[in-house]
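# Examining the three-dimensional arrangement
This is what each chain is made of:
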Amino acid sequence: MTSDDFPIWLRRLDEEDFEFIRQFILCSGSLKSMAQHYDVSYPTIRLRTDRLIQKVSGVKSEEDQFVTLIKDMALDGEMSYETAKKLISSYKKTERRQAL
């Protein structure tokens, strides 16, 4: 089995994401236990979990790769959420114009 055989949402996860998921399973899904394991606050673990949820749930097999890249950059903190929204909106407007 190669990585190309995995679903798209799974291929987008990096090594750190996989380790976080592994640890989550080992902690029986307890965010409190995760916070203790990583020696961080509960809100920090909650934020990390929320970002992982967004990363996984934001993938659609038909979604454009450019839009996916922009979303990933925003989730990883490489650009602001507002900037990502503006780029995606502008890109989609351009796509609609080209389709006409």
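These notes cover the structure that comes with them. Computed from a prediction, not measured in an experiment: that's the story for all the values here. All residue numbers here refer to positions counted from 1 along the written sequence of the relevant chain. Two thresholds apply to this predicted model, a pLDDT of at least 70 for residue-level local features and 80 or more for giving and counting side-chain atom pairs, whereas whole-chain, interface and lining totals are computed over all residues. Side-chain measures were taken over the full set of non-hydrogen atoms in the model, leaving aside hydrogen atoms and water.

Helix numbers and strand numbers start at the N terminus; a helix is a DSSP run of H or I with at least 4 residues, a strand a run of E with at least 2. Mapped onto the fold, Trp9 is located in helix α1 (residues 8-11). With 78 residues separating them along the chain, Trp9 and Leu87 place their C-alpha atoms 22 Å apart.

Before going further, it helps to examine the packing of helix α2 (residues 15-26) against helix α3 (residues 31-38). Orientation is described by axes fitted as lines to C-alpha atoms, over the contacting stretch for helices, and by angles from 0 to 180 degrees between their N-to-C directions. Where α2 meets α3, the closest approach of the two axes is 9 Å, and the angle between their N-to-C directions is 120°. Put simply, α2 runs oblique to α3. With respect to the hand of their crossing, α2 and α3 are arranged in right-handed fashion. Judged by residue contacts, Glu19, Phe20, Gln23 and Phe24 of α2 engage Leu31, Met34, His37 and Tyr38 from α3. In this classification, the charged set is Asp, Glu, Lys and Arg, the nonpolar set is Ala, Val, Leu, Ile, Met, Phe, Trp, Tyr, Cys and Pro, and all remaining amino acids, among them Gly, are polar. In terms of residue class, the contact of α2 with α3 is built from 5 nonpolar, 2 polar and 1 charged. Reported orientations rely on four angle classes, namely roughly parallel under 35 degrees, roughly antiparallel over 145, roughly perpendicular from 65 to 115, and oblique for the rest. In this scheme, a crossing is called left-handed if the near helix is turned counterclockwise away from the far one by less than a right angle; it is called right-handed if the turn is clockwise. Note on contacts: a residue pair qualifies if any of its non-hydrogen atoms lie within 4.5 Å across the two residues.

A positive phi angle is found at Ser28, which is not glycine, with a value near 55°. In this fold, Ser28 is placed in the loop between α2 and α3. Burial here depends on accessible area, computed with a 1.4 Å probe over protein chains only, as a share of the maximum for the residue type. Under 20% is buried, over 50% is exposed, and the range in between is partly exposed. The exposure class of Ser28 is exposed, given its relative accessible area of 69%. Despite not being glycine, Asp39 has its phi angle at roughly 55°, a positive value. Along the chain, the position of Asp39 falls in the loop between α3 and α4 (42-57).

A separate point is the pattern of salt bridges. Salt bridge criterion: a side-chain nitrogen from Lys or Arg within 4 Å of a carboxyl oxygen from Asp or Glu. Applying the stated rule across the entire model yields 7 salt bridges. Residue Lys55 pairs with Asp14 through a salt bridge whose shortest N-O separation is 3.9 Å. Placement of Lys55 in helix α4 and of Asp14 in the loop between α1 and α2 is noted, with a sequence separation of 41 residues between them. Relative accessible area serves as the criterion here: at 7%, Lys55 is assigned to the buried category. Overall, the relative accessible area of 36% leaves Asp14 in the partly exposed class.

Moving on, we come to the packing of α2 against α4. When two helices pack together, their arrangement is given by the angle between the helix axes and the distance between those axes. Taken N-terminus to C-terminus, the directions of α2 and α4 make an angle of 115°; their axes are 12 Å apart at the nearest point. Note on packing geometry: the crossing formed by α2 with α4 is left-handed. Contacts between α2 and α4 involve Glu16, Asp17, Phe20 and Ile21 on the former and, on the latter, Ile45, Arg48, Thr49, Leu52 and Lys55. A breakdown of the residues in the contact of α2 with α4 according to their chemical character gives 4 nonpolar, 1 polar and 4 charged.

A general feature of soluble globular proteins is that nonpolar side chains tend to end up buried together. Listed in full, the 8 residues of the largest apolar core are Leu13, Phe20, Cys27, Leu31, Met34, Ala35, Ile45 and Leu52. Of all the elements in the fold, those that place two or more residues in this core are α3 and α4. For this core, the element with the most residues is α3, which contributes 3 residues. Apart from the residues within four sequence positions on either side, Phe20 is in contact with Met34, Tyr38, Ile45, Arg48, Thr49 and Leu52. Membership of the second largest hydrophobic core comes to 5 residues, among which are Val67, Ile70, Ala84 and Ile88. Take the buried Ala, Val, Leu, Ile, Met, Phe, Trp, Tyr and Cys residues and link them wherever side-chain atoms come within 4.5 Å; each set so joined is a nonpolar core.

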